[in-house]
Amino acid sequence: MIQAILVFNNHGKPRLVRFYQRFPEEIQQQIVRETFHLVLKRDDNICNFLEGGSLIGGSDYKLIYRHYATLYFVFCVDSSESELGILDLIQVFVETLDKCFENVCELDLIFHMDKVHYILQEVVMGGMVLETNMNEIVAQMEAQNRLEKSEGGLSAAPARAVSAVKNMNLPEIPRNINIGDLNIKVPNLSQFV
């Protein structure tokens, strides 16, 4: 089972952190730091598997990583997972990001965090691998994008809410709203309508 997925840059700044096992936030930050130091001190021509750090479970867990340009993609897994299978999964995840963002870079992970999390959820959920077919993942991402565009996206939500309130047919604007013991006085808003 996958315990955590960490993506950080060459300077140790986390760009994506997803834990599938509950840890307090302080421990999560220590795990990210320890993982970064373990991975950073390894030479590029050494294999991409190493024993997990002391915080995430020691020898019972493995860190499997790939280094692409300025980003490290690290999967923390238990001993039941195949190292080569996880390396392939990292490759699928990165290639899917590359297809969705057209030459993915660190800034895409920063400014499109919602889409990155959506893609990750299509690949892994609850520590279990869901999908490894890149075309299927991209198709689901495109369907999600179409749905967001048809709904006007989240940025249009406040405007839709204001127009819905303006289009309400109220005989008169209520001046006092009573909900149980709560009494709210509504100010005169006629100058804004």
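- Looking at an unreviewed UniProt entry, one finds the protein named AP-3 complex subunit sigma-2 and attributed to Heterocephalus glaber.
- Quoted verbatim from the Sequence similarities (unreviewed entry) field of UniProt, the annotation for the protein is "Belongs to the adaptor complexes small subunit family."
- Recorded under Subunit (unreviewed entry), the UniProt text for the protein is reproduced unchanged: "Adaptor protein complex 3 (AP-3) is a heterotetramer composed of two large adaptins (delta-type subunit AP3D1 and beta-type subunit AP3B1 or AP3B2), a medium adaptin (mu-type subunit AP3M1 or AP3M2) and a small adaptin (sigma-type subunit APS1 or AP3S2). AP-3 associates with the BLOC-1 complex. Interacts with AGAP1."

1. Re the overall build of the protein
Piece 1. A count of helical and extended segments in the protein gives six helices and nine strands.
Piece 2. Expressed as a percentage of the 193 residues in the protein, the buried residues total 33%.
Piece 3. Pairs at least 24 residues apart make up 46% of the contacts formed inside the protein by residues separated by at least 6 positions.
Piece 4. When the accessible area of the protein is evaluated, it comes to approximately 12100 Å², of which 53% is carbon and sulfur surface.

2. Description of the pattern of salt bridges
Piece 1. What the rule picks out here adds up to two salt bridges.
Piece 2. In this structure, Arg15 engages Glu106 in a salt bridge whose closest nitrogen and oxygen atoms are separated by 2.7 Å. Taken together, the positions of Arg15 in strand β2 (residues 14–19) and Glu106 in helix α3 (residues 106–111) put the pair 91 residues apart, joining distant regions of the chain.
Piece 3. Among the residues examined, Glu106 registers a relative accessible area of 17% and is labelled buried.

3. Remarks on the environment of Asn145
Piece 1. When you line up the elements, Asn145 lands in helix α5 (residues 134–151).
Piece 2. Sequence separation between Asn145 and Lys115 is 30 residues; the distance between their C-alpha atoms is 9.2 Å.

4. A short note on helix α1 (residues 25–40)
Piece 1. Helix length check: α1, at 16 residues, gives a terminal C-alpha distance of 22 Å against a target of 22 Å (1.5 Å per residue), a fit within 8%.
Piece 2. Within α1 the residues assigned to the buried category are Ile31, Val32, Thr35, Phe36, Leu38 and Val39. Projected down its long axis, α1 shows its buried positions confined to an angular sector of 165 degrees, all on one face.

5. Things to note about the pairing of strand β5 (residues 71–78)
Piece 1. When you tally the buried positions in β5, you get eight out of eight residues, the bulk of the element.
Piece 2. Residues of β5 alternate between two faces, with Leu71, Phe73, Phe75 and Val77 on one and Tyr72, Val74, Cys76 and Asp78 on the opposite face, all of them buried.
Piece 3. Bridging between strand β1 (residues 2–9) and β5 involves seven bridges; their strand directions are antiparallel. By the bridge assignment, Phe8 is partnered in β5 with Tyr72.
Piece 4. Where strand β4 (residues 61–68) folds back onto β5 in an antiparallel hairpin, the turn is made up of two residues, including Ala69, whose phi is positive at roughly 50 degrees.

6. Remarks on the nonpolar core
Side chains that are nonpolar tend, in soluble globular proteins, to be buried together.
Piece 1. By size, the foremost hydrophobic cluster in this structure holds 28 residues, and its most contacted members are Ile2, Phe73, Phe75, Ile86, Phe93 and Leu97.
Piece 2. Among the secondary structure elements, those contributing two or more residues to this core are β1, β5, α2 (83–101), α4 (113–123) and α5.
Piece 3. Counting residues per element, this core draws most heavily on α2, which supplies nine residues.
Piece 4. Apart from the residues within four sequence positions on either side, Phe75 is in contact with Ile2, Ala4, Ile5, Lys62, Leu63, Ile64, Ile86, Leu89 and Ile90.
Piece 5. Counting 16 residues, the second-largest nonpolar core is a separate cluster that includes Ile31, Leu38, Val39 and Val74.

7. Topic: the packing of aromatic side chains
Piece 1. Applying the stated criterion across every chain yields a total of five aromatic pairs.
Piece 2. Measuring from ring centre to ring centre gives 5.7 Å for Phe19 and Phe23, while their planes differ by 75 degrees; the resulting arrangement is edge-to-face.
Piece 3. Residue classification places Phe19 among the buried residues on the basis of a relative accessible area of 14%.
Piece 4. For the ring pair Phe73 and Phe93, a centre distance of 6.1 Å and an interplane angle of 80 degrees mean the geometry is edge-to-face. You can see Phe73 sitting in strand β5 and its partner Phe93 sitting in helix α2, a full 20 residues away along the chain.
Piece 5. Three or more aromatic residues joined by ring pairs form one cluster here, namely Phe8, Phe36 and Tyr72.

Calculation notes
- Residues numbered from 1 in each chain as written.
- Predicted model: local features only at pLDDT ≥ 70, side-chain atom pairs only at ≥ 80, totals over all residues.
- Heavy atoms only, no water.
- UniProt positions renumbered as here; feature names shortened; annotations may be inferred.
- Helix = DSSP H or I, 4+ residues; strand = E, 2+ residues; numbered from the N terminus.
- Buried < 20%, exposed > 50% of the residue type's maximum accessible area, 1.4 Å probe, protein only.
- Contact = heavy atoms within 4.5 Å.
- Areas by Shrake-Rupley, 256 points an atom, 1.4 Å probe, with all protein chains shown as cover.
- Salt bridge = Lys/Arg side-chain N within 4 Å of Asp/Glu carboxyl O.
- Expected span 1.5 Å × (residues − 1).
- Arc of directions from axis to C-beta.
- Pairing = 2+ DSSP bridges.
- Core = buried A, V, L, I, M, F, W, Y, C linked by side-chain atoms within 4.5 Å.
- Phe/Tyr/Trp six-rings, centres within 6.5 Å; stacked < 30°, edge-to-face > 60°.

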